[in-house]
Amino acid sequence: MPAAPELLLPAGSVAKMHKAYDFGADAVYAGQPRYSLRARNNDFSSLQMLEQGITEAHARGKLFYVASNIYAHNAKLKTYMADMEPVIAMKPDALIMADPGLIMMVRDKWPDIPIHLSVQANAINWADVKFWQRIGLTRIILSRELSLDEVEEIRQQCPDMELEVFVHGALCVAYSGRCLLSGYFNHRDSNQGTCTNSCRWNYTVHNAEENEEGDVLPVFMAQIMDEASTSFPALGEGPRHPLADRVYLIEEGKRAGQLMPVIEDEHGTYILNSKDLRAVEHIERLVRIGVNSLKIEGRTKSIYYVARTAQVYRKAIDDAVAGRPFDTSLFGALQGLANRGYTDGFYKRHHTQEYQNYLTGASELHNSHYVGDVENVENGWATVTVKNRFSIGDKIEVLHPGGNALVTLEKMTDVEGAPLTVAPGSGHIVKIPLEPQWDKALLARLL
């Protein structure tokens, strides 16, 4: 079995960075708001915070990568090199980049800084990898649209190049995230770091027709139903319908009356809400292939998300390297995270029905909901910052770098010691009985 791959976690804040390392990450990545694809929700917007993050990572013997992966318009070329100078001086372990022009400029001025090719660059074959290797890049983050067999072929053809793949997190409905929906709807360009996740909004589908002038106009359901003898299926569901090549209009929940055209074909409708990637069951194969880094998406996700995914994928990697069988309980641990349903993306194109049933059954073994952070434990009582409601009698999972535990909550008080039966929700502070070793743990309620 090859060496253990790097486990790479997102860091949208210093606190999330700490949790990622505590729960098993080898490296984190953080973005520069002006030059990365996550312009919002980022503690590293100041040079001071970015330097703090890099310094603390190196003090722990960990790695810190800076995402600088926009495709730059001319206006940003004028400021880019000057803005990068103090960042390079902080000695991040690599820059994550996509724009060939920016890569050229950085390599010309700072030839020693390692550069990782962003997934935005859509590297999907071994010739792509060899091209970027010849340019001098040190790692390629492969496109999400590759199968395990394709990843393995790239590794065989490029044995001396570092490869990184995504294993968990949001999936874009556009190719490797190069999407125009956000710019179309909101004039906020996803390729410039201001994506509004338009693909995940709540849409209503309206029937429509295209007139001779090419305009898409709404029509009544009665008119549609007269054109076919079978019942009208939900968009993207069921067998191919005689009307599957029609034009439809969609209406976003917060934009009443603004009807936008969308066409469905026999393959489905693609701008509506992709499932989230979960490839924990493929870690053993990826380790065996020799992938160098396994990446989790989510710089805007919660501390609980960072801790839980780091812990789960750390175990999956360690089990794979040690030759232990895959632990199916890991499916359930991930099920407790907020998700839109899981998929393993393109890694396996065609699953059998038996495999799908197996995944569903394993996921339902354990489900939980993040409810609080343990701030400290004194005299057998933990002070908890409440994130979501929980009550006396609940089974609570204690999530800690040293291991997890299940406890049944039998007592609870407010900060003054008055008995409580319910922790109402975010913004409250309560105390619960807990052993000292669970200091700084996260709490989840089993559902």
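Refer to the structure printed above.
Figured I'd write up the structure that's included with this text. These numbers were taken from a predicted model, which means no experiment stands behind them. (Residues numbered from 1 in each chain as written. Predicted model: local features only at pLDDT ≥ 70, side-chain atom pairs only at ≥ 80, totals over all residues. Heavy atoms only, no water.)

1. What about the overall build of the protein chain?
Okay, so step 1: Counting its secondary structure elements, the protein chain contains 12 helices and 23 strands.
Okay, so step 2: A buried classification covers 49% of the 447 residues belonging to the protein chain.
Okay, so step 3: Within the protein chain, contacts between residues separated by at least 24 positions form 67% of all contacts whose residues are at least 6 apart in sequence.
Okay, so step 4: Accessible area of the protein chain: about 21100 Å², with a carbon and sulfur share of 51%. (Helix = DSSP H or I, 4+ residues; strand = E, 2+ residues; numbered from the N terminus. Buried < 20%, exposed > 50% of the residue type's maximum accessible area, 1.4 Å probe, protein only. Contact = heavy atoms within 4.5 Å. Areas by Shrake-Rupley, 256 points an atom, 1.4 Å probe, with all protein chains shown as cover.)

2. Looking at the nonpolar core
Okay, so step 1: Counting residues in each nonpolar core, the largest one holds 95 residues, and the members touching the most others are Phe 64, Leu 142 and Ile 283.
Okay, so step 2: At 10 residues, helix 10 (residues 303-322) tops the list of elements feeding residues into this core.
Okay, so step 3: If near-sequence neighbours (up to four positions away) are discounted, Phe 64 is found in contact with Met 17, Tyr 21, Val 28, Ala 30, Phe 44, Leu 50, Gly 53, Ile 54, Ala 57, Pro 92, Asp 93 and Ala 94.
Okay, so step 4: Membership of the second largest hydrophobic core comes to 18 residues, among which are Val 371, Phe 390, Val 430 and Leu 443. (Core = buried A, V, L, I, M, F, W, Y, C linked by side-chain atoms within 4.5 Å.)

3. Notes on the sheet that holds strand 22 (residues 429-433)
Okay, so step 1: Judged by pairing direction, the sheet is antiparallel, and its 7 strands sit side by side in the order 19-18-23-15-16-22-20 without closing on themselves. At either margin of the open sheet sits one strand with a lone partner, and together these are strand 19 (405-408) and strand 20 (413-414).
Okay, so step 2: Sheet topology places strand 15 (residues 368-378) next to strand 23 (residues 442-446); 5 bridges connect them, and they run antiparallel. Counted as the bridge partner of His 369 is Arg 445 from strand 23. (Pairing = 2+ DSSP bridges.)

4. A short note on the pattern of salt bridges
Okay, so step 1: One pass over the full model with this rule turns up 16 salt bridges.
Okay, so step 2: Lys 109 is the partner of Glu 85 in a salt bridge, and the nearest nitrogen-oxygen pair spans 3.3 Å. In this pair, Glu 85 is assigned in helix 3 (residues 74-89) and Lys 109 in helix 4 (residues 100-109), connecting sequence segments 24 residues apart.
Okay, so step 3: Here Asp 319 and Arg 324 are joined by a salt bridge, their closest N and O atoms 2.7 Å apart.
Okay, so step 4: Several salt bridges converge on common partners, so that one network encompasses Glu 6, Arg 139, Glu 162, Glu 164 and Lys 295. (Salt bridge = Lys/Arg side-chain N within 4 Å of Asp/Glu carboxyl O.)

5. A short note on the packing of aromatic side chains
Okay, so step 1: For the coordinates displayed, the defined rule picks out 5 aromatic pairs.
Okay, so step 2: Ring geometry for Tyr 304 and Tyr 370: centres 4.6 Å apart, planes at 5 degrees, overall stacked. Of this pair, Tyr 304 sits in helix 10 while Tyr 370 sits in strand 15; the two residues are 66 residues apart in sequence, bridging distant segments of the chain. Residues Tyr 304 and Tyr 370 agree in their burial class; the two are buried.
Okay, so step 3: For the ring pair Phe 326 and Phe 331, a centre distance of 5.3 Å and an interplane angle of 70 degrees mean the geometry is edge-to-face.
Okay, so step 4: Between Arg 144 and the ring centre of Phe 166, over which it is positioned, the NZ or CZ distance is 4.0 Å.
Okay, so step 5: Note that Lys 295 overlies the ring of Tyr 29, its terminal NZ or CZ placed 4.4 Å from the centroid. (Phe/Tyr/Trp six-rings, centres within 6.5 Å; stacked < 30°, edge-to-face > 60°. Lys NZ or Arg CZ within 6 Å of the ring centre and 35° of its normal.)

6. Focus on the pairing of strand 1 (residues 6-10)
Residues in a regular strand project their side chains so that they alternate between the two faces of the sheet.
Okay, so step 1: Taking burial as the measure, the 5 residues of strand 1 include 5 buried ones, the bulk of the element.
Okay, so step 2: With burial as the criterion, each face of strand 1 is covered, one bearing Glu 6, Leu 8 and Pro 10 and the other bearing Leu 7 and Leu 9.
Okay, so step 3: Relative to strand 13 (residues 293-296), strand 1 is paired through 3 bridges, and the arrangement is parallel. Note on strand 13: the bridge partner recorded for Glu 6 is Ser 293.
Okay, so step 4: The handedness of the strand 1 to strand 2 (residues 27-31) crossover, carried by helix 1 (residues 14-22), is right-handed. (Right-handed = clockwise from strand over helix to strand, strands pointing away.)

7. What to know about the packing of helix 3 against helix 4
Okay, so step 1: Closest axis-to-axis distance for the helix 3/helix 4 pair is 11 Å, and the angle between their directions is 40 degrees. In terms of their interaxial angle, helix 3 and helix 4 are classed as oblique. The chirality of how helix 3 crosses helix 4 is right-handed. Seen from helix 3, the contacting residues are Leu 77, Tyr 80, Met 81 and Glu 85; seen from helix 4, they are Leu 102, Met 105, Val 106 and Lys 109.
Okay, so step 2: Here the residues of the contact of helix 3 with helix 4 are counted per class, giving 6 nonpolar, no polar and 2 charged. (Axes fitted to C-alpha atoms, helices over the stretch in contact; angles between N-to-C directions. Parallel < 35°, antiparallel > 145°, perpendicular 65-115°, else oblique. Left-handed = near helix turned anticlockwise from the far one by under 90°. Nonpolar A, V, L, I, M, F, W, Y, C, P; charged D, E, K, R; others polar.)

8. Observations concerning unusual backbone geometry
Trans peptide bonds make up the majority, and among non-glycine residues the majority have a negative phi.
Okay, so step 1: Notably, Asn 379 is not glycine yet its phi reads approximately 55 degrees, a positive angle.
Okay, so step 2: Phi is positive for Lys 440, close to 70 degrees, though the residue is something other than glycine.
Okay, so step 3: For Lys 440, the location among the structural elements is in the loop between strand 22 and strand 23.

9. Description of the environment of Ile 115
Okay, so step 1: Relative to the elements of secondary structure, Ile 115 occurs in strand 5 (residues 115-117).
Okay, so step 2: Taking the relative accessible area as the measure of exposure, Ile 115 reaches 1% and is therefore buried.
Okay, so step 3: When the C-alpha positions of Ile 115 and Ser 68 are compared, they lie 9.9 Å apart, and in sequence the two are 47 residues distant.
Okay, so step 4: Not counting the four nearest positions on each side in its chain, Ile 115 is found in contact with Leu 95, Met 97, Ile 103, Val 106, Arg 107, Leu 137, Thr 138 and Arg 139.

10. Quick notes on the packing of helix 1 against helix 2 (residues 47-59)
Okay, so step 1: Running from N to C, helix 1 and helix 2 cross one another at 15 degrees; their axes reach a closest spacing of 10 Å. By the criterion of interaxial angle, the relationship of helix 1 to helix 2 is roughly parallel. The two elements helix 1 and helix 2 cross, and the hand of that crossing is right-handed. Contacts between helix 1 and helix 2 pair Val 14, Met 17, His 18 and Tyr 21 from the former with Met 49, Gln 52, Gly 53, Glu 56 and Ala 57 from the latter.
Okay, so step 2: Tallied by class, the residues present in the contact of helix 1 with helix 2 amount to 5 nonpolar, 3 polar and 1 charged.

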